[in-house]
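Spelled out, the chains give:
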Amino acid sequence: MTFKQLGLAEPILKALEEEGYENPTPIQEQSIPILLKGKDLLGVAQTGTGKTAAFGIPILHHLYHSNKDQKGKRKIRALIVTPTRELAIQIDESLKNYGRHTGLRTTVIYGGVKQTKQVARLKQGVDILVATPGRLLDLESQGVLTFRDLNFVVLDEADQMLDMGFIHDIKKIIAKLPPKRQSLFFSATMPKTIVELSKKILGEFEQVSIKPQQATAEKVEQGIYFVSKGNKVHLLRELIKERPGESILVFSRTKHGANKIVKKLAQADIKAAAIHGNKSQPQREAALGGFKEGNIQVLIATDIAARGIDVDDLALVINYDLPNVAETYVHRIGRTGRAKASGIALSFCNNEERAYLKDIEKLIQQKVPVMPPHPEVEEEAYDPVAAKKKPQQRGRGGGGRKPQGKSQKKRSDNNRRR
């Protein structure tokens, strides 16, 4: 099937052709016809399968055809809520690309920066708004924007929003939505809490599910190195040196670990930058921009910050630390092998992480090929005692969290609003 066979508006088809899109991905092929009919949709698919186009293209199509009936100042008719600033920015960029010939106006709002410029853009009038939950509710409470004219609402990466503590904000948003609307709900996983949340936003809906193991394991060339914790940096440096000029995304389990890796690489004259929740928005944008433009070869990221990273021709993903949740591994390696492209993902595993590897292989239903020892780095000998012990759990997805006192909890609640 081609996009032309889906019956999309000509301006959208023209933009897709300019982007080099000809055949839809599975999530797009299954979702777009449902959404063109105006039905609600529950989509289960990981990042990297083409979800943004799956929900964005039908929204652009509907708004383009109804645009002639709009008079006066533009009203927000479509809302896309997503957990991170990076992902919000990426979705906004994609919608602008797909809708460049439609005359529709899209903008993005998120916390961590002053609201002045965002408010100014909203006052000029927009058709589609991409937002993170905290800033969305802040501006709605100030009367800067309203939900009353919404025809389309998308909750994207719903499981990640719950992981980040946005459940109360999401419930507040749902309570404010107009009853007559088309609702789209996307999540990479479907635990009980997500199922319950989907029932609150969806009416009569259809479901599309793209299984993670089918979506990435077949496309991404994977490999595992058994290496001690102390030798991981040495191995990382050697792998980077073997790929001069190639873009490499490295996953660290913690924010502190990401910063430490950047410093260690700098000692070897390797230019890298870290992106995680403790970085300011300008710092995150500068790191991501430098990575996309090729000025920074290596980007070190935590899992939450990595949502929204979409780099063409990403050569390699490296799991410096194996995640303690198997599904996270699938999301990580999905950063390469985007859509229909192929990719390479290499992982480092010390003895204490072997239990995580076992969980990952069970999920993807295949063994991750063991890489031969690197000639410059000593392989870690197998320790059956250490291999049976999992490192201390630090929250879903691998981020470190300490027990919160009252002051810590208050700061955490304020951060979530961003």
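This text goes with the structure placed above it.
All figures in this text were calculated on a predicted structure; none of them were measured in a lab.

Q: Please set out the sheet that holds strand E5 (residues 152-155) residue by residue, giving values where relevant.
A: Taken in spatial order, the 7 strands make up an open sheet running E3-E4-E2-E5-E6-E1-E7, and their pairing is parallel. The open sheet has two edge strands with one neighbour each: strand E3 (106-109) and strand E7 (205-209). The average undirected angle you get between the axes of adjacent strands in this sheet is 15 degrees. As paired elements, strand E2 (residues 78-81) and strand E4 (residues 128-131) share 4 bridges and run parallel to each other. Within the sheet, the bridge partner assigned to Ile80 lies in E4 and is Val130. With respect to the sheet, helix H5 (residues 116-124) is in contact with E3 and E4, its orientation differing from that of E3 by roughly 150 degrees. Strand contacts of helix H9 (residues 192-201): strand E1 (40-44), E5 and strand E6 (182-187), with the helix running at about 170 degrees to E6, the strand carrying the most contacts.

Q: Quick one: what's the story with the packing of aromatic side chains, residue by residue and with numbers?
A: Considering all chains together, one arrives at 5 aromatic pairs under this definition. Taking the centre distance of 5.9 Å and the plane angle of 55 degrees together, the rings of Tyr21 and Tyr98 count as tilted. Note that Tyr21 is positioned in the loop between helix H1 (10-18) and helix H2 (26-36) and Tyr98 in helix H4 (residues 85-98), a separation of 77 residues in sequence. Residue Tyr21 is classed as partly exposed on the basis of its relative accessible area of 34%. Relative to Phe348, the ring of Tyr320 lies with its centre 5.9 Å away and its plane at 55 degrees, an arrangement referred to as tilted. With Tyr320 in the loop between strand E12 (316-319) and helix H15 (326-333) and Phe348 in strand E13 (residues 343-349), this pair connects stretches of sequence that are 28 residues apart. The residues Tyr320 and Phe348 share a single accessibility class, namely buried. Aromatic rings pair up to connect Phe3, Tyr21 and Tyr98 into one cluster. The aromatic ring of Tyr320 is capped on one face by Lys232, whose charged end is 5.6 Å from the ring centroid. Arg354 extends its terminal NZ or CZ atom over the ring of Phe226, reaching a point 3.9 Å from the ring centre.

Q: An account of the packing of helix H6 (residues 133-141) against helix H8 (residues 167-176) is requested, with residue identities and associated values reported.
A: Interaxial distance between H6 and H8 falls to 10 Å at its minimum, and their mutual angle equals 45 degrees. In this view, H6 runs oblique relative to H8, as classed from their interaxial angle. Note on packing geometry: the crossing formed by H6 with H8 is left-handed. Contacts between H6 and H8 pair Pro133, Gly134, Leu136, Leu137 and Glu140 from the former with Asp169, Ile170, Lys172, Ile173 and Lys176 from the latter. When the residues that make up the contact of H6 with H8 are grouped by side-chain class, the tally is 5 nonpolar, 1 polar and 4 charged.

Q: Tell me about the sheet that holds E13, and please be specific about residues and values.
A: Strand order in the open sheet formed by 6 strands is E8-E13-E12-E9-E11-E10, and the pairing between neighbours is parallel. The open sheet terminates on both sides in strands that have one partner only, identified here as strand E8 (220-226) and strand E10 (272-275). Pairwise comparison of adjacent strand axes, ignoring direction, gives a mean angle of 20 degrees for this sheet. Note that E12 and E13 share 3 bridges and pair parallel. Within E13, the position partnered with Ile318 by the bridge is Leu346. Helix-sheet contacts for helix H12 (residues 255-266) involve E10 and strand E11 (298-301), and the interaxial angle to E10 is about 175 degrees.

Q: Would you mind going over unusual backbone geometry in detail, with residue names and values included?
A: The phi dihedral of Glu157 falls on the positive side, at around 55 degrees, and the residue is not glycine. Looking at the element boundaries, Glu157 is found in the loop between E5 and helix H7 (158-163). Given a relative accessible area of 2%, Glu157 falls into the buried group. Although it is not a glycine, Asp269 sits at a positive phi angle of roughly 60 degrees. By relative accessible area, Asp269 is classed as exposed at 74%.

Q: Help me get a handle on helix H11 (residues 232-241), residues and values and all.
A: Of all 10 residues in H11, 7 are buried, a share of seventy percent or more. Among the residues of H11, Lys232, Val233, Leu235, Leu236, Glu238, Leu239 and Ile240 are the ones counted as buried.

Q: Could you give me a rundown of the side chain of Ser183, with the residues and numbers involved?
A: Within the fold, Ser183 resides in strand E6. Setting aside chain neighbours within four positions, we find Ser183 in contact with Asp40, Leu41, Val153, Ile201 and Leu202.

Q: So what's going on with the nonpolar core? Residues and values would help.
A: In terms of nonpolar packing, the biggest core is built from 38 residues, with Phe3, Leu8, Phe55, Ile57, Ile80 and Ile128 touching the most fellow members. Every element with two or more residues in this core is listed here: H1, H2, helix H3 (51-66), E2, H4, E4, E5 and E6. Per-element accounting of this core gives the leading share, 7 residues, to H3. Other than its neighbours up to four places away in sequence, Leu8 contacts Phe3, Leu13, Leu16, Ile32, Leu36, Ile57 and His61. Listed in part, the 30 residues of the second largest apolar core include Ile109, Leu136, Leu150 and Leu202.

Rules used throughout
- Residues numbered from 1 in each chain as written.
- Predicted model: local features only at pLDDT ≥ 70, side-chain atom pairs only at ≥ 80, totals over all residues.
- Heavy atoms only, no water.
- Pairing = 2+ DSSP bridges.
- Helix = DSSP H or I, 4+ residues; strand = E, 2+ residues; numbered from the N terminus.
- Axes fitted to C-alpha atoms, helices over the stretch in contact; angles between N-to-C directions.
- Contact = heavy atoms within 4.5 Å.
- Phe/Tyr/Trp six-rings, centres within 6.5 Å; stacked < 30°, edge-to-face > 60°.
- Buried < 20%, exposed > 50% of the residue type's maximum accessible area, 1.4 Å probe, protein only.
- Lys NZ or Arg CZ within 6 Å of the ring centre and 35° of its normal.
- Parallel < 35°, antiparallel > 145°, perpendicular 65-115°, else oblique.
- Left-handed = near helix turned anticlockwise from the far one by under 90°.
- Nonpolar A, V, L, I, M, F, W, Y, C, P; charged D, E, K, R; others polar.
- Core = buried A, V, L, I, M, F, W, Y, C linked by side-chain atoms within 4.5 Å.

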